[in-house]
Amino acid sequence: MIIVINYGMGNVRSVAKAIESLGEEVIVSENPNDLRKADRIVLPGVGSFGKGICNLKDKGFLEVLKEEVLIKKKPFLGICLGMQLLAKNSTENGFHEGLGWVPFEVRKFEFTNFAGSMKFNILKVPHMGWNDISFNENCVLFKRTNKKACFYFVHSYYLNISENNKEFIVATCDYGLPFVAAIQKDNIFATQFHPEKSQRDGLNILSNFIDYQYQ
Amino acid sequence: MVKKRIIPIILLKEGRCVKGVNFKDFRDVGNPTTVARVYDAQKADELVFLDIMANHEDRSTLFEVVRKTADECFMPLCVGGGVKSISDIRVLLKNGADKVSINTAAVENPTLVEEAVKIFGSSTILVSIDVKKTEKFGHEVFTHSGTVATGLNALDWAKQVERLGAGEILITSIDQEGTRNGYDLDLVKVIVNNVGIPVIASGGVGNLKDLEDGINIGGASGVSLGSILHFTDQNVIKARNYFKTVGINVRM
């Protein structure tokens, strides 16, 4: 059984419905104790970083998450904000500490056009829409994924790429600069894009997550 | 690089899908969930539902349409029509919307946009702007489904919408809407050139070249279409193939 964590950040329903369509039992829960019964855990999320961390804390998810994911190694999938929250910190509306499970920092897309005042030629923020990714074919998340597959992104902040976090990056995307599209650290997976909104290619990612067994 | 989006707009009236001309004379064009299913199968990049009667009546039919669609179409859904409060937004998101469009209420109460962005994030909040050409104000913003003149210039309002924190603008020309004479490209262009957030062009598409112009001349991040999907033999697949042949970066 998969638990989708409902911590008041965005549309958990879509994630649950997408997983359900693959024939899996899903429970949307705001009760941290339910995580103990789960086989797999999904942390979705849309909204601001600070509020996300705050809600996880206030609703009592932090300790249980650590126990179930970091110690018991239950398969975990973070989506969008649910990925960003795993990072060390974010500069979204002030400086906020994240869960620190992976050594990334969350930064804002900022494009300035020095050539003139017209904004036409610069990239729009948020990065919104379908984009290509380059992915590691050995990562189970991308099993059966077509090289030309596109995924749906909606975000103004991204996970930075650096020497000390490269080993955890399993997919990158490009929007003015290369940024992290997906990560894996042991049983922990996360995507910046929304698999639950990426039609067939997205459902395939979710299906791969469901099939994954930690060894 | 991010793809240009092809976005069917589904107008809703009393739970049915309708289509009019210049915001009037609406015709019934089908069951919205069925229509959405077809667009999903054709790999539309996103869907927009706008309830044109939501200002006046019970909204439960809208919620049901959104819920049904979200339960089987795993693609981005933007929903609007009569959104007046934070709780309206919350209910739509809970029923399966990914983004919520605010129109009249944004003009009447701009702090609603600001507040909504703080709570739901800027990428969740789209502001929809309906525009008619008038002698006095040039491109003038109209609210209440195009019936009330505001005296606001479209560009000034779009800039303010960006400052309020909205993540996207849907710009609709009332003059062009439903006419199949093409977008108001001057309008699209001036907005795109002066805001830093994505802009979706809307109103007037009659053929695939109009969509191309929305991207290549207007500079829009996404192009919406309605009438040509309902009343001609064009569809999303043909639009995408056409984009490929003219070199616009779209999804394969």
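Higher on the page you've got the structure.
We now turn to the structure provided with this report. Remember, predicted model here, so these are calculated numbers, not experimental data.

## Regarding the overall build of chain B
The number of helices and strands found in chain B is 10 helices and 12 strands. For 252 residues, the compact-globule estimate of 2.2 N^0.38 gives 18 Å, and chain B sits close to it at 16 Å. Overall size of chain B, expressed as C-alpha extent along the three principal axes, is 45 × 40 × 40 Å. Within chain B, the fraction of its 252 residues that count as buried is 62%. For chain B, the distance from the average position of its 30 positive side-chain charges to the average position of its 31 negative side-chain charges is 4 Å.

## Observations regarding unusual backbone geometry
Geometrically, the link from valine 125 of chain A to proline 126 of chain A is a cis peptide bond, its omega value of 10° lying close to zero. As for its placement among the helices and strands, proline 126 of chain A is situated in the loop between β7 (105-108) and β8 (127-135). Phi at aspartate 25 of chain B takes a positive value of approximately 50°, unusual for a residue other than glycine. Mapped onto the fold, aspartate 25 of chain B is located in strand β3 (residues 24-30). Despite not being glycine, lysine 43 of chain B shows a phi value in the positive range, around 60°. Checked against the element boundaries, lysine 43 of chain B lands in the loop between α1 (32-41) and β4 (47-51). Residue classification places lysine 43 of chain B among the partly exposed residues on the basis of a relative accessible area of 28%.

## As for the packing of aromatic side chains
Residue and element names in this part refer to chain A. One pass over the full model with this rule turns up 14 aromatic pairs over all chains. Look at phenylalanine 76 and tryptophan 101: their rings are 5.4 Å apart centre to centre, the planes differ by 65°, and that puts the pair in the edge-to-face class. Here tryptophan 101 lies in the loop between β6 (96-97) and β7 and phenylalanine 76 lies in strand β4 (residues 76-79), a separation of 25 residues in the sequence. Residue classification places phenylalanine 76 among the buried positions, given a relative accessible area of 0%. Of the residues examined, tryptophan 101 reaches a relative accessible area of 7% and is grouped as buried. With a centroid separation of 5.9 Å and an interplanar angle of 25°, the aromatic rings of phenylalanine 109 and phenylalanine 111 are classed as stacked. Judged by relative accessible area, phenylalanine 109 falls into the buried class, the value being 2%.

## Things to note about the sheet that holds strand β10 (residues 157-159) of chain A
Strands pair in a sheet through their backbones, by hydrogen bonds, and they do so in one of two ways: parallel or antiparallel. Residue and element names in this part refer to chain A. In space, the 4 strands of this open sheet follow the order β6-β5-β7-β10, with mixed pairing throughout. Only two strands of the sheet have a single partner each, and these edge strands are β6 and β10. Bridge count between strand β5 (residues 89-90) and β7: 2 bridges; the pairing is parallel. Paired with asparagine 89 across the two strands is glutamate 105, which belongs to β7.

## Re the sheet that holds strand β1 (residues 2-5) of chain A
All names here are of chain A. Taken together, 9 strands build an open sheet; the order of strands is β2-β1-β3-β4-β13-β12-β11-β8-β9 and the sheet is mixed. Looking at the sheet topology across the chains shown, the edges are occupied by β2 (26-29) and β9 (150-155). Strand-to-strand twist across the sheet, computed as the mean angle between neighbouring axes with direction ignored, equals 25°. Pairing of strand β12 (residues 178-185) with strand β13 (residues 188-191) involves 4 bridges; the strand directions are antiparallel. If you follow lysine 185 over to β13, its bridge partner there is isoleucine 188. Against the sheet, helix α1 (residues 12-20) touches β1, β2, β3 (40-43) and β4, its axis set at about 165° to β1.

## Remarks on the pattern of salt bridges
Throughout the structure, instances matching the rule amount to 26 salt bridges over all chains. Lysine 3 of chain B is the partner of aspartate 132 of chain A in a salt bridge, and the nearest nitrogen-oxygen pair spans 2.9 Å. Placement of aspartate 132 of chain A in strand β8 and of lysine 3 of chain B in the segment before β1 (5-13) is noted, with the two residues assigned to different chains. Residue aspartate 132 of chain A is classed as partly exposed on the basis of its relative accessible area, which comes to 29%. Here lysine 3 of chain B falls in the buried class, since its relative accessible area comes to 9%. Lysine 99 of chain B is paired through a salt bridge with glutamate 46 of chain B; the nearest N and O atoms lie 2.6 Å apart. Placement of the pair is lysine 99 of chain B in strand β6 (residues 99-102) and glutamate 46 of chain B in the loop between α1 and β4, with a sequence separation of 53 residues. By the burial criterion, lysine 99 of chain B is buried, and glutamate 46 of chain B matches it.

## Side note on the nonpolar core
The biggest cluster of nonpolar side chains holds 72 residues, and the ones touching the most others in it are Ile129, Ile169 and Ile191 of chain B. No other element matches helix α6 (residues 154-164) of chain B, which puts 6 residues into this core. Beyond its immediate sequence surroundings of up to four residues, isoleucine 129 of chain B is in contact with Val141, Trp157, Ala158, Val161, Ile169, Leu170, Ile171 and Thr172 of chain B. By size, the runner-up hydrophobic cluster in this structure holds 40 residues, among which are Leu77, Val125, Cys173 and Leu206 of chain A.

## Some words on the interface of chain B and chain A
Listed by partner, the interface residues are 43 residues for chain B and 34 residues for chain A. In total, chain B and chain A occlude about 3,100 Å² of area from one another, counting both sides; carbon and sulfur atoms represent 56% of this. Across the contact surface, chain B and chain A share 4 salt bridges. One can count 17 residue pairs in polar contact (both at pLDDT 80 or more) joining chain B with chain A. A per-class count over the side of chain B that touches chain A returns 16 nonpolar, 13 polar and 14 charged.

## Describing the layout of surface pockets
Residue and element names in this part refer to chain B. Approximately 840 Å³ is the volume found for the second largest pocket. Every residue lining the second largest pocket is counted, 48 residues in all, and those nearest its centre are Phe23, Ile52, Asn103, Asp130 and Ser145. For the lining of the second largest pocket, the secondary structure elements donating two or more residues are β1, β3, β4, α4 (104-108), β7 (125-134) and β12 (222-225). When the residues that make up the lining of the second largest pocket are grouped by side-chain class, the tally is 15 nonpolar, 23 polar and 10 charged.

Parameters at a glance
- Residues numbered from 1 in each chain as written.
- Chains lettered and ligands numbered in written order.
- Predicted model: local features only at pLDDT ≥ 70, side-chain atom pairs only at ≥ 80, totals over all residues.
- Heavy atoms only, no water.
- Helix = DSSP H or I, 4+ residues; strand = E, 2+ residues; numbered from the N terminus.
- Rg over C-alpha atoms; globule rule 2.2 N^0.38 Å.
- Buried < 20%, exposed > 50% of the residue type's maximum accessible area, 1.4 Å probe, protein only.
- Lys, Arg positive; Asp, Glu negative; His and termini not counted.
- Charge placed at Lys NZ, Arg CZ, Asp CG, Glu CD.
- Phe/Tyr/Trp six-rings, centres within 6.5 Å; stacked < 30°, edge-to-face > 60°.
- Pairing = 2+ DSSP bridges.
- Axes fitted to C-alpha atoms, helices over the stretch in contact; angles between N-to-C directions.
- Contact = heavy atoms within 4.5 Å.
- Salt bridge = Lys/Arg side-chain N within 4 Å of Asp/Glu carboxyl O.
- Core = buried A, V, L, I, M, F, W, Y, C linked by side-chain atoms within 4.5 Å.
- Buried area = accessible area lost by both parts, 1.4 Å probe.
- Polar contact = N/O pair within 3.5 Å; in protein donor to acceptor, adjacent residues only side chain to side chain.
- Nonpolar A, V, L, I, M, F, W, Y, C, P; charged D, E, K, R; others polar.
- 1 Å grid on protein atoms, 1.4 Å probe; cavity = no way out; pocket = protein on both sides within 12 Å on 5 of 7 lines; lining within 4 Å.
- Points joined across faces, edges and corners; volume = space filled by probe spheres on them.

The values are spatial; any link to function lies outside them.
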